[in-house]
Amino acid sequence: MNDTEPMSHRQVMEALSGLLLGLFVAVLSSTVVSNALPRILGDLRGGESAYTWVITAALLSLTASTPIWGKLSDLVSKKLLVQIALVIYIVSSALAGLSQNTGELIACRVLQGIGAGGVTALAQICLASMVPPRERGRYSGYFGAVFALATIGGPLIGGVIVDTDWLGWRWCFYVGIPFSLIAIVVLQRTLHLPVVKRKAKIDYLGALLITGAVSLLMIWISLAGKNYAWLSWQTAAMVGGGLALAVLFVLAERRAAEPIVPLSLFRHRTVSLAAGASALVGIGMYGATTFLSQYFQLAKEKSPTMAGILTLPMILGLALSSTLAGKLITKYGRWKGFLVAGTFLLAVGFGLLGTVKADTSYGLLSVYMAAAGIGLGLTMQNLVLAVQNTVPRQELGAASSAVTFFRTMGGAMGVSALGALLANKVTHYLGAAGLHGGGGEIPDLHKLPPQVVPVVTDAFGRGVGAVFLMAAPFALLAFVLVLLIRETPLRTRAEEVPAQPKLELVRD
């Protein structure tokens with residue numbers, strides 16, 4: 001096929017098959033452990049802080065690596081990069097399954113995040129290289145549907161695994177390996193994209209600085225109020241250090257030959273607003289999937305498998321809204337209305353979830369979760385689409401990964417902060433009831449005295465409600481940012497890469 005010829009729908013779908021399978025694996029890596037974590041950490045004797053760090057460690061490494069993957073995709077073979085990311089995922093998953101303590105598990109989750117970050121960022125970038133923005137909506141809908149399928153399947157698979165005696169929780173990490181191997185083979189046969197070959201200059205200093213800045217702030221959020229006072233020298237040191245590293249990151253990006261987050265991108269109004277909205281949406285997206293699992297298991301006394309099933313209203317809302325919005329955007333070429341409606345519904349859904357307690361009826365919970373899920377489905381992919389429609393093709397990789405970067409950074413810091421809030425709230429409610437604990441190990445309700453169980457379930461129910469109530473204002477702020485985005489017509493064809501000296505255009 002000639003490089004300038006548009007790809008047919010069949011050719012696009014064949015090429016996307018491996019990308020969608022890889023995306024399924026990447027999303028599965030986080031969702032498959034969500035319902036299994038109480039059991040995993042009970043076995044490894046980990047507490048609430050370990051619970052959030054198993055999630056945030058992967059999100060942090062995903063955040064730091066995403067811009068690097070995006071920059072590399074503008075320089076070398078996208079197909080090779082996706083396959084490398086999948087290999088990293090396979091190795092880290094095998095090691096995670098062999099973990100003997102929470103420290104080892106968290107370290108392996110860092111590696112998993114690097115691999116997952118490559119797959120999630122590069123999948124969007126490859127789609128942008130194959131399909132013009134006007135047609136991209138229908139395919140973005142497929143991405144949303146796969147995301148929903150992995151989010152549905154992950155908790156269910158993880159729940160079944162930990163509830164099956166002859167498997168055990170370690171298979172939560174092994175289960176994605178066969179899918180990854182298949183994805184590598186399929187990508188080799190079906191994905192053929194133009195490659196601009198030139199020497200890559202990776203901004204390792206920028207990656208190190210932003211990782212350090214986010215890590216310091218996350219550690220501060222996780223420990224403040226428990227290990228030391230909010231107003232203390234530790235707070236001053238960590239917050240001051242984090243902000244100083246952030247300033248150094250900006251200065252480094254201004255001087256870097258190939259910055260991982262090109263500051264010139266933010267001259268585009270849409271990119272700046274979409275990046276901010278993505279960070280705010282990320283807080284809610286990762287918070288919802290992380291803490292709903294604790295709610296159903298520790299407030300509703302459900303098994304890991306049932307906890308996954310009970311979140312179906314949110315996931316189905318996400319899948320249906322993402323798919324339908326993609327088709328409508330392709331048909332009419334309008335996209336801003338979906339972002340406005342999505343962020344509004346997300347704020348409403350989180351506000352409603354903020355009212356839950358241990359005895360809240362499942363009927364009401366279903367409505368609340370569905371509202372949040374529809375909001376996420378209308379928002380996530382379309383923020384990327386808005387940015388991709390704004391920047392020239394040679395910056396698609398960096399721009400697309402920037403949106404993912406801010407979403408996962410918001411998610412990592414949000415989960416850390418909300419996890420600390422949950423631990424503090426549970427400790428407070430248990431203390432008010434005359435019990436002590438809540439910030440220690442994740443409780444096993446089956447091993448507690450019967451008279452204590454209602455107190456613990458009530459504490460976790462009210463604690464998770466407080467978490468969602470805290471997340472609602474962030475979604476509302478995302479709504480305000482989206483209102484400020486200017487809608488521009490979707491381009492009907494992909495731009496050609498401008499001719500540059502000493503560049504060789506080849507096909508994978």
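Fair warning: this is a prediction, and the values are worked out from it, not measured in the lab. (Residues numbered from 1 in each chain as written. Predicted model: local features only at pLDDT ≥ 70, side-chain atom pairs only at ≥ 80, totals over all residues. Heavy atoms only, no water.)

**Remarks on the overall build of the chain**
Link 1 in the chain: Along the backbone of the chain there are 17 helices and two strands.
Link 2 in the chain: Once local pairs closer than 6 in sequence are excluded, the contacts in the chain between residues at least 24 apart make up 84%.
Link 3 in the chain: When the accessible surface of the chain is summed, it comes to about 19,800 Å², and 66% of that surface belongs to carbon and sulfur atoms. (Helix = DSSP H or I, 4+ residues; strand = E, 2+ residues; numbered from the N terminus. Contact = heavy atoms within 4.5 Å. Areas by Shrake-Rupley, 256 points an atom, 1.4 Å probe, with all protein chains shown as cover.)

**Quick look at a nonpolar patch on the surface**
Link 1 in the chain: Taken together, the side chains of Val87, Val91, Leu95, Leu98 and Leu111 present a nonpolar region at the surface, about 410 Å² in accessible area.
Link 2 in the chain: Examined against the element boundaries, Leu98 turns out to sit in the loop between α4 (78-97) and α5 (102-130).
Link 3 in the chain: Relative accessible area serves as the criterion here: at 53%, Leu98 is assigned to the exposed category. (Patch = residues over 30% accessible without salt bridge, like charges linked within 9 Å, V, L, I, M, F, W, Y side chains within 5 Å. Salt bridge = Lys/Arg side-chain N within 4 Å of Asp/Glu carboxyl O. Buried < 20%, exposed > 50% of the residue type's maximum accessible area, 1.4 Å probe, protein only.)

**What about the packing of helix α14 (residues 336-353) against helix α17 (residues 453-483)?**
Link 1 in the chain: Look at α14 against α17: their axes get within 7 Å of each other, and the N-to-C directions meet at 160°. Considering their axes alone, α14 and α17 lie roughly antiparallel with respect to each other. Here α14 runs over α17; the crossing is left-handed. Residue-level contacts link Lys336, Leu339, Val340, Thr343, Phe344, Leu346, Ala347, Phe350, Gly351 and Leu353 of α14 to Gly465, Phe468, Leu469, Ala471, Ala472, Ala475, Leu476, Ala478, Phe479, Val482 and Leu483 of α17.
Link 2 in the chain: Taken together, the residues of the contact of α14 with α17 break down into 17 nonpolar, three polar and one charged. (Axes fitted to C-alpha atoms, helices over the stretch in contact; angles between N-to-C directions. Parallel < 35°, antiparallel > 145°, perpendicular 65-115°, else oblique. Left-handed = near helix turned anticlockwise from the far one by under 90°. Nonpolar A, V, L, I, M, F, W, Y, C, P; charged D, E, K, R; others polar.)

**Description of the environment of Gly410**
Link 1 in the chain: By the secondary structure assignment, Gly410 is in helix α16 (residues 396-432).
Link 2 in the chain: For Gly410, a relative accessible area of 9% corresponds to the buried category.
Link 3 in the chain: Between the C-alpha atoms of Gly410 and Thr63, which are 347 residues apart in sequence, the distance is 9.1 Å.

**Concerning unusual backbone geometry**
Link 1 in the chain: Here the phi dihedral of Glu301 falls at roughly 60°; this positive angle occurs in a residue that is not glycine.
Link 2 in the chain: Position of Glu301 among the secondary structure elements: in the loop between α11 (269-299) and α12 (304-310).
Link 3 in the chain: When its relative accessible area of 49% is taken as the criterion, Glu301 is described as partly exposed.

**Things to note about the packing of aromatic side chains**
A ring pair, where both rings are aromatic, is described by two values, the distance of the centres and the angle of the planes.
Link 1 in the chain: Evaluated as defined, the whole model comprises eight aromatic pairs.
Link 2 in the chain: Relative to Phe296, the ring of Tyr295 has its centre 5.3 Å away and its plane inclined at 75°; by these criteria the two rings are edge-to-face.
Link 3 in the chain: By relative accessible area, which is 1% here, Phe296 ends up buried.
Link 4 in the chain: Seen in terms of ring centroids, Phe350 and Phe468 are 5.7 Å apart; in terms of plane orientation they differ by 40°. Their pairing is tilted. Residue Phe350 is located in helix α14, and its partner Phe468 is located in helix α17; the two are separated by 118 residues in the primary sequence.
Link 5 in the chain: Looking at Phe468, the relative accessible area reads 3%, which means it is buried.
Link 6 in the chain: Three or more aromatic residues link up through ring pairs in this structure, and these residues are Tyr295, Phe296 and Tyr362. (Phe/Tyr/Trp six-rings, centres within 6.5 Å; stacked < 30°, edge-to-face > 60°.)

**Comments concerning the nonpolar core**
Taken as a class, soluble globular proteins show a tendency for nonpolar side chains to be buried jointly.
Link 1 in the chain: Within the largest apolar cluster, 143 residues are counted, with the highest numbers of intra-cluster contacts made by Leu16, Phe350 and Leu353.
Link 2 in the chain: Top element by residues in this core is α11. It accounts for 15 residues.
Link 3 in the chain: Once residues lying within four places of it in the same chain are set aside, the contact partners of Leu16 are Leu127, Met130, Tyr139 and Phe143. (Core = buried A, V, L, I, M, F, W, Y, C linked by side-chain atoms within 4.5 Å.)

**Concerning the pattern of salt bridges**
Link 1 in the chain: Inspection of the entire model under this criterion finds two salt bridges.
Link 2 in the chain: Notably, a salt bridge pairs Glu487 with Arg334, separated by 3.3 Å at the nearest N-O pair. Of this pair, Glu487 sits in the loop between α17 and β2 (504-507) while Arg334 sits in the loop between α13 (312-332) and α14, and the two are 153 residues apart along the sequence.
Link 3 in the chain: Judged by relative accessible area, Glu487 falls into the partly exposed class, the value being 26%.
Link 4 in the chain: In this structure, Asp458 and Arg462 form a salt bridge, with 3.4 Å as the shortest nitrogen-oxygen distance. With Asp458 and Arg462 both in helix α17, this residue pair falls four residues apart, about one helical turn.
Link 5 in the chain: By relative accessible area, Asp458 is classed as partly exposed at 30%.

**What about α5?**
Link 1 in the chain: Along its 29 residues, α5 runs 42 Å from first to last C-alpha, staying within 8% of the 42 Å computed at 1.5 Å per residue.
Link 2 in the chain: The opening residue of α5, the one whose side-chain oxygen lies 3.1 Å from the backbone nitrogen of Gly103, is Asn101. (Expected span 1.5 Å × (residues − 1). Polar contact = N/O pair within 3.5 Å; in protein donor to acceptor, adjacent residues only side chain to side chain.)

**Some thoughts on the confidence of the model for the chain**
Link 1 in the chain: In this model, the chain carries a mean pLDDT of 79, and residues with pLDDT of at least 70 account for 85%.
Link 2 in the chain: The low-confidence segment residues 494-507 (pLDDT under 50) makes 28 contacts with residues lying over four places distant or belonging to another chain. (pLDDT = per-residue confidence, 0-100.)

**Some details on the packing of α4 against α5**
Link 1 in the chain: Remark: α4 packs on α5, axes separated minimally by 8 Å, with the N-to-C direction vectors making an angle of 155°. On the basis of the axis angle, α4 is roughly antiparallel to α5. α4 and α5 meet at a crossing whose hand is left-handed. Between α4, through Lys78, Leu81, Val82, Ala85, Leu86, Ile88, Tyr89, Ser92, Ser93, Leu95 and Ala96, and α5, the contact on the second element is made entirely by Leu105, Cys108, Leu111, Gln112, Ile114, Gly115, Gly118, Val119, Leu122, Ile125, Cys126 and Ser129.
Link 2 in the chain: Looking at the contact of α4 with α5 residue by residue, the class counts come to 16 nonpolar, six polar and one charged.

**Points about helix α8 (residues 176-190)**
Link 1 in the chain: Counted at 1.5 Å a residue, the expected span for α8 with its 15 residues is 21 Å, and the 21 Å between its end C-alpha atoms agrees.
Link 2 in the chain: The complete set of buried residues in α8 reads Gly176, Ile177, Ser180, Ala183, Ile184 and Leu187. The arc that holds the buried residues of α8, viewed along the axis, is 115°, so those residues lie on one side. (Arc of directions from axis to C-beta.)

**Topic: the environment of Met409**
Link 1 in the chain: Tracing the backbone through its elements, the reader meets Met409 in helix α16.
Link 2 in the chain: Here Met409 falls in the buried class, since its relative accessible area comes to 16%.
Link 3 in the chain: For Met409 and Ile283, which are 126 residues apart along the polypeptide, the C-alpha to C-alpha distance reads 8.4 Å.
Link 4 in the chain: Once residues within four sequence positions are removed from consideration, Met409 is found in contact with Thr63 and Val214.

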